Amino acid sequence: MAILLGSIADDYTGASDLANTLTKNGLRTVQTVGIPDPSLALPDVDAVVVSLKIRSVPAADAVTAATAAERWLRRRGAAHVLYKVCSTFDSTDSGNIGPVTEALSDAAGGGLVLVTPAFPETGRTVYLGHLFVGGQPLNESPLKDHPLNPMHDANLVRVMARQSRGAVGLIDLPAIAAGPDTLRARLEALREAGVGSAIADAIFERDLETLGAIALETPVSTGASGLGLGLARALVRSGRAPASDATTANAICPVGGLSAVVAGSCSKATLHQLDVAERSMPVLRLDPERLLAGPDEIAAAISWAGDRISAGPIVVAASAAPEIVSRLQSLYGREASGHAIESATSVIAAELVARGVRRLVIAGGETSGAAVDRLAIPAFLIGPEIAPGVPVLRTVGNTQGDMLLALKSGNFGGEDFFTAALAMMH
Ligand code: ADP
């Protein structure tokens, strides 16, 4: 089955956010981890989001990866490809939003690309080409101090122009509010004037719906999850995507097997969720210093789990309170201790899967990324949300067989998140 919408996301968490947004707005969506193998078998889906890590790499590398992803998506039938960037337009004067947008446009035969990072739900709005983050212009928001991509200019027409070969235009709010015909005419005028891409204003979701419908008439667009919302709603409204209450039904077909939670987040919310889980499930608190000292602590954890897991879900946690984390960091360094623990939790997750776990909840963004890499899962079908921003995921093309996962950023979810997640995963 041909997909309707393809997307290339410049980082993994952005890809997950977009995939979840597309699903909530009616598209059956798969998110891949990197560029998939040409032979990857997809279930019936409307959209595929290819997750890349190209936000801060050299522009030439970003272009190479994005164009390879574009070829994969077009081969699967994608008529429109959205380049998913951060809603705060994280980039530098050399890229990568401009170079990738132009390369994708060239690959699709040229034409004008509509660009907007607006995502009103999270406070990102664009007016007269200026990006606002909540109530502040981008250059006065905390993004001005971002460690990798400090943003010193809120005027996105200028920002985009500095990283583009071609001319950059503006599609202002009056042209969007006037409706599709005026908007189409504005795009045509810009195209005739030789403009290659245009920043589009958007303040309300209805602006993104108008932009989404018009963007679908072109092969490429660039934006954040807000534009994804506009594209998804336009596909559903036009009848191209089958409007159905069962968008996520296939994603939660039972997989059976054993179930477990692995936690590496040390956030306040996760620490509290672990305390709550202790009332209803066996919880093993790993000793972080022993974990770093050698493989014994991992072996002990696997053995502990093996004795209990056939009776019901278990929890294995490296998570610790701030004073314990600081002590470990002062002994081994912040990055080194973080990576070493991620590596240990991912080994534990893989060992649990090898012993029959098919329903797995992982707490912690980096912890999840490391575990998914270790398990070599090529893609996920997005299911219903357990908590805002955290959907049930069903593996696609997994060599260990179908699994259900929940990958939770540290601070997400209510206090009973672990039981709530497992109650949705059968
Ligand atoms: P969050 O989503 O809360 O940011 P992450 O998994 O992204 O969670 O980050 C948590 C980091 O803390 C990971 O690198 C993890 O390996 C590390 N970590 C986990 N437990 C400990 C601990 N006891 N001491 C030090 N670092 C730890």
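Residues numbered from 1 in each chain as written. Predicted model: local features only at pLDDT ≥ 70, side-chain atom pairs only at ≥ 80, totals over all residues. Heavy atoms only, no water.

### Here we look at the pattern of salt bridges
In a structure, side chains of opposite charge can pair up when their charged atoms sit close to one another. Inspection of every chain in the model, using the stated rule, returns 24 salt bridges. Linking arginine 290 and glutamate 297 is a salt bridge whose minimum nitrogen-to-oxygen distance equals 2.9 Å. Using a relative accessible area of 10% as the deciding quantity, one classes glutamate 297 as buried. Connected through shared salt-bridge partners, Asp93, Asp153, Arg158 and Arg162 make up one network. (Salt bridge = Lys/Arg side-chain N within 4 Å of Asp/Glu carboxyl O. Buried < 20%, exposed > 50% of the residue type's maximum accessible area, 1.4 Å probe, protein only.)

### What about the site of the ligand?
Among the 19 residues in the neighbourhood of the ligand, the closest are listed as Ser265, Glu342, Glu366, Thr367 and Gly410. At 2.7 Å, a side-chain N or O of serine 265 approaches an oxygen atom of the ligand. For the ligand, an oxygen atom lies 2.5 Å from a polar atom in the side chain of glutamate 342. About the coverage of the ligand: the protein hides 82% of its 570 Å² of free accessible area. Secondary structure elements with two or more residues in the shell around the ligand: α12 (322-332), α13 (334-354) and α14 (365-375). Class assignment for the residues of the shell around the ligand results in 7 nonpolar, 10 polar and 2 charged. (Near = heavy atom within 4 Å. Polar contact = N/O pair within 3.5 Å; in protein donor to acceptor, adjacent residues only side chain to side chain. Areas by Shrake-Rupley, 256 points an atom, 1.4 Å probe, with all protein chains shown as cover. Helix = DSSP H or I, 4+ residues; strand = E, 2+ residues; numbered from the N terminus. Nonpolar A, V, L, I, M, F, W, Y, C, P; charged D, E, K, R; others polar.)

### Things to note about the domain arrangement of the protein
Here the protein is partitioned into domain 1 (5-237) and domain 2 (249-424). One C-alpha centre belongs to domain 1, the other to domain 2; they are set 32 Å apart. Contact with domain 1, which involves 13 residues of that partner, is made by 15 residues of domain 2. Counting each side, the surface lost to burial between domain 1 and domain 2 is near 1,100 Å², with a carbon and sulfur contribution of 62%. Interface area lost by domain 1 to domain 2 is led by Asn20, Gln31 and Val33, which between them contribute 41%. At the boundary of domain 1 and domain 2, one finds 1 salt bridge. Of the charged contacts, one joins glutamate 385 and lysine 24 as a salt bridge, the two residues approaching to 3.5 Å between their closest N and O atoms. (Domains from an automatic or database assignment. Contact = heavy atoms within 4.5 Å. Buried area = accessible area lost by both parts, 1.4 Å probe.)

### Regarding the pairing of strand β10 (residues 195-200)
Among the 6 residues of β10, 5 are classified as buried, and the element is accordingly described as predominantly covered. Sheet topology note: the strand β5 (residues 113-116)/β10 ladder contains 3 bridges and is parallel. Residue pairing across strands places valine 115 opposite isoleucine 199, the latter belonging to β10. As paired elements, strand β9 (residues 167-171) and β10 share 5 bridges and run parallel to each other. For leucine 170, the partnering residue across the bridge sits in β10 and is isoleucine 199. (Pairing = 2+ DSSP bridges.)

### Overview of the nonpolar core
Among the nonpolar cores identified, the biggest contains 111 residues, and Phe89, Ile171 and Leu360 are the most heavily contacted of them. Residue-level mapping places this core at the junction of two domains, with at least three residues from each of domain 1 (5-237) and domain 2 (249-424). When neighbours within four sequence positions are excluded, leucine 360 is seen to be in contact with Ala260, Val262, Ala349, Val353, Leu375, Met403, Leu404, Leu405, Ala406 and Met425. Ala363, Val390, Phe417 and Ala421 belong to the second-largest nonpolar core, a separate cluster that totals 21 residues. (Core = buried A, V, L, I, M, F, W, Y, C linked by side-chain atoms within 4.5 Å.)

### Things to note about the packing of aromatic side chains
A full pass over the atoms with the stated rule returns 1 aromatic pair. Over the aromatic face of tyrosine 12 sits the side chain of lysine 53, whose NZ or CZ is 4.7 Å from the ring centroid. Positioned above the aromatic ring of phenylalanine 417, the side-chain terminus of lysine 408 is 5.9 Å from the ring centre. (Phe/Tyr/Trp six-rings, centres within 6.5 Å; stacked < 30°, edge-to-face > 60°. Lys NZ or Arg CZ within 6 Å of the ring centre and 35° of its normal.)

### Regarding helix α11 (residues 296-308)
Along its 13 residues, α11 runs 19 Å from first to last C-alpha, staying within 8% of the 18 Å computed at 1.5 Å per residue. Among all positions of α11, only Glu297, Ile298, Ala301, Ile302, Trp304 and Ala305 are buried. Looking straight down α11, one finds that the buried residues subtend no more than 160 degrees of arc, so they occupy a single side. Facing away from the buried side of α11, by more than 90 degrees, are the exposed residues Asp296 and Asp307. Lining the buried residues of α11 we find β13 (283-285), α10 (288-293), β14 (314-317) and α13. (Expected span 1.5 Å × (residues − 1). Arc of directions from axis to C-beta.)

### Some remarks on the sheet that holds strand β6 (residues 124-127)
Taken in spatial order, the 3 strands make up an open sheet running β6-β7-β8, and their pairing is antiparallel. One side of each edge strand has no neighbouring strand; the edge strands of this open sheet are β6 and β8 (136-137). As defined by bridge partners, β6 adjoins strand β7 (residues 130-133) across 4 bridges and the pair is classed as antiparallel. For tyrosine 127, the partnering residue across the bridge sits in β7 and is histidine 130.

### Focus: the pairing of strand β1 (residues 5-9)
Within β1, 5 of the 5 residues are buried, leaving the element largely enclosed by the surrounding structure. Of the two faces of β1, the one lined by Leu5, Ser7 and Ala9 and the one lined by Gly6 and Ile8 are each fully buried. The sheet contact formed by β1 and strand β4 (residues 80-84) spans 5 bridges and is parallel. Opposite alanine 9, over in β4, you have lysine 84 as the bridge partner. Sheet analysis places β1 next to strand β3 (residues 47-51), joined by 5 bridges and oriented parallel. Its bridge partner being in β3, serine 7 is matched across the sheet by valine 49.

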